[in-house]
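# Residue-level structure breakdown
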Amino acid sequence: MPLTMKDVDRFEAERPRLEAIAYRLLGSASEAEDAVQETFLRWQAADVEHVEVPGAWLTKVLTNLCLNQLTSARARRETYVGQWLPEPLLGGDPMLGPADTAEQRESVSYAVLTLMERLTPNERAVYVLREAFDYPHREIAEILGVTEAASQQILHRAKKHITDGKTRTEIDEAATRRIVEEFLAAATSGRTEPLVRLLTVDVTSVGDGGGKVPARTKPFEGALAVAKFLRGLFKPARSKRALAGGSPGIHVTTANGGPAVVAVLDGRVIGVMCLEITAEGVAAVRSQVNPDKLGRATEAWAATEHGEPLFHAF
């Protein structure tokens, strides 16, 4: 039986929440959109008149679609060129979902999305549904086809993996902004020492070019190595301008709820550098430059007002 407008409206009312769940599960906005669209097709084919709680039904269908996607994604990422990083979402993107609690904000942070790659599909699903959307274990167990006790045990393992990989306590927003500005000033100074002072001893820097934009296949580790890399990255060079097609403007903004540096060229986002900042300094630099993962960021950038860039790179 074809869907009525009421049935379509019931689905559309759930779409923002479904997209936010799928993004956290998959780490990709485009894949999240595809998963939600497939969920709609399942809704279209179902006998929806007998679905008592549409939200629960749709969440179960979506979660299991994402679990299948995560299983196949593991195999694909074994052949991915270079390092794989999530697709960043700029501040204000509705796909970021709820941000009322610390757990919700943390679950969509770039650092935690990266750490979630260590989890099994079931661990990731339980972590997202419980920490970000406050689903009771009874409902999570029903969605995943496990017992309630098993759901609790899975969450315990997932949180341990996340906690073991996390850096130290973060600092307030005002101090974060100041550190980002100091970070950029140091990175463009042409000197290594100012950068080293802003980095933690065990800082790492990783980039995702997807084989389409040059990016080192292994992370840089340690303050001196990362500082030298960043100094070289921001050093003006004709070859860089030629590769980029111009001199991109550099802006300070937020991505996934955290501080970020965005490079924009002719209205197109060509790079998002997410900084993980702690009381000890910058603990991680994660740069997304794969154009396949910057389309949504470009759309979001075009839809909002921005001031002049701090400077033009290269």
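In the annotation of an unreviewed UniProt entry, the chain is listed under the name DNA-directed RNA polymerase sigma-70 factor and assigned to Streptomyces roseolilacinus. Per UniProt, the chain has the following entry under Sequence similarities (unreviewed entry): "Belongs to the sigma-70 factor family. ECF subfamily." The UniProt entry for the chain carries the following text under Subunit (unreviewed entry): "Interacts transiently with the RNA polymerase catalytic core formed by RpoA, RpoB, RpoC and RpoZ (2 alpha, 1 beta, 1 beta' and 1 omega subunit) to form the RNA polymerase holoenzyme that can initiate transcription."

## Focus on the UniProt feature "domain: RNA polymerase sigma-70 region" (unreviewed entry) in the chain
In this structure's numbering, the residues bearing the UniProt feature "domain: RNA polymerase sigma-70 region" (unreviewed entry) are residues 11-74. Secondary structure content for residues 11-74 is 84% helix and 0% strand, while the C-alpha to C-alpha distance between its ends is 30 Å.

## What about the pattern of salt bridges?
Within the structure shown, the criterion is met by 19 salt bridges. When the shortest N-O distance is used, the salt bridge between K293 and D208 registers 2.7 Å. In this pair, K293 sits in the loop between β6 (281-288) and α13 (295-302) while D208 sits in strand β1 (residues 199-208), placing the two residues 85 residues apart along the sequence. In this structure, K293 and D208 share a single accessibility class: buried. A network of salt bridges, in which partner residues are shared, links E33, D93 and R296.

## So, the packing of aromatic side chains
For any pair of aromatic rings, geometry is given as the distance between the ring centres together with the angle between the planes. This structure, assessed with the given rule, holds 4 aromatic pairs. Note on F11 and F40: the rings are 5.0 Å apart at their centroids and 65° apart in plane angle, and the pair reads as edge-to-face. Residue F11 is found in helix α1 (residues 5-26), and its partner F40 is found in helix α2 (residues 29-45); the two are separated by 29 residues along the sequence. The same class applies to F11 and to F40, which are both buried.

## A short note on helix α7 (residues 137-144)
Of the residues making up α7, those classed as buried are H137, I140, A141, I143 and L144. The buried residues of α7 occupy an angular sector of 160° when projected down its axis, which confines them to one face. Just past α7, the residue G145 takes up positive phi, approximately 75°.

## Looking at the nonpolar core
Judged by nonpolar contacts, the single largest core of 46 residues is most densely connected at W43, L62 and M116. Mapped onto this core, the elements with two or more residues apiece are α1, α2, α3 (54-77), α5 (110-115), α6 (121-132), α7 and α8 (148-165). Residue contributions to this core peak at 8 residues, all from α1. The residues contacting W43, other than those within four sequence positions of it, are L3, D7, R10, F11, V48, V51, P54, W57 and L58.

## Considerations on the side chain of E131
Tracing the backbone shows E131 in helix α6. The contact partners of E131, leaving out residues within four places of it in the chain, are E103, Q104, V126, L155 and K159.

## Some details on the packing of α6 against α7
It is at 10 Å that the axes of α6 and α7 come closest, and there the two elements cross at 145°. Crossing angle aside, the handedness with which α6 passes α7 is right-handed. Judged by residue contacts, N122, A125, V126, L129 and R130 of α6 engage H137, I140, I143 and L144 from α7. Taken together, the residues of the contact of α6 with α7 sort by class into 6 nonpolar, 2 polar and 1 charged.

## Description of α2
The end-to-end C-alpha separation of α2 is 25 Å, in line with the 24 Å expected for 17 residues at 1.5 Å each. Three or more residues of α2 are buried, namely A29, E31, A32, A35, V36, T39, F40 and W43. Residues of α2 that are buried in the fold lie against α1, α3 and α13.

## Some thoughts on the sheet that holds strand β3 (residues 249-255)
An order of β2-β1-β6-β5-β4-β3-β7 is seen for the 7 strands of this open sheet, with the pairing classed as mixed. With one partner strand each, in any of the chains shown, β2 (220-221) and β7 (311-312) form the two edges of the open sheet. Examined bridge by bridge, strand β4 (residues 258-265) and strand β5 (residues 268-278) share 6 bridges and lie antiparallel to one another. Along β5, the bridge assignment pairs A260 with C274. Set on the sheet, α13 makes contact with β3, β4 and β5; between it and β5 the angle comes to about 95°.

## Some points on the UniProt feature "domain: RNA polymerase sigma factor 70 region 4 type" (unreviewed entry) in the chain
Mapped onto the present numbering, the UniProt feature "domain: RNA polymerase sigma factor 70 region 4 type" (unreviewed entry) falls on residues 111-162. End C-alpha atoms of residues 111-162 are separated by 10 Å, and the span's content is 77% helix alongside 0% strand.

Thresholds, definitions, all that
- Residues numbered from 1 in each chain as written.
- Predicted model: local features only at pLDDT ≥ 70, side-chain atom pairs only at ≥ 80, totals over all residues.
- Heavy atoms only, no water.
- UniProt positions renumbered as here; feature names shortened; annotations may be inferred.
- Helix = DSSP H or I, 4+ residues; strand = E, 2+ residues; numbered from the N terminus.
- Salt bridge = Lys/Arg side-chain N within 4 Å of Asp/Glu carboxyl O.
- Buried < 20%, exposed > 50% of the residue type's maximum accessible area, 1.4 Å probe, protein only.
- Phe/Tyr/Trp six-rings, centres within 6.5 Å; stacked < 30°, edge-to-face > 60°.
- Arc of directions from axis to C-beta.
- Core = buried A, V, L, I, M, F, W, Y, C linked by side-chain atoms within 4.5 Å.
- Contact = heavy atoms within 4.5 Å.
- Axes fitted to C-alpha atoms, helices over the stretch in contact; angles between N-to-C directions.
- Left-handed = near helix turned anticlockwise from the far one by under 90°.
- Nonpolar A, V, L, I, M, F, W, Y, C, P; charged D, E, K, R; others polar.
- Expected span 1.5 Å × (residues − 1).
- Pairing = 2+ DSSP bridges.

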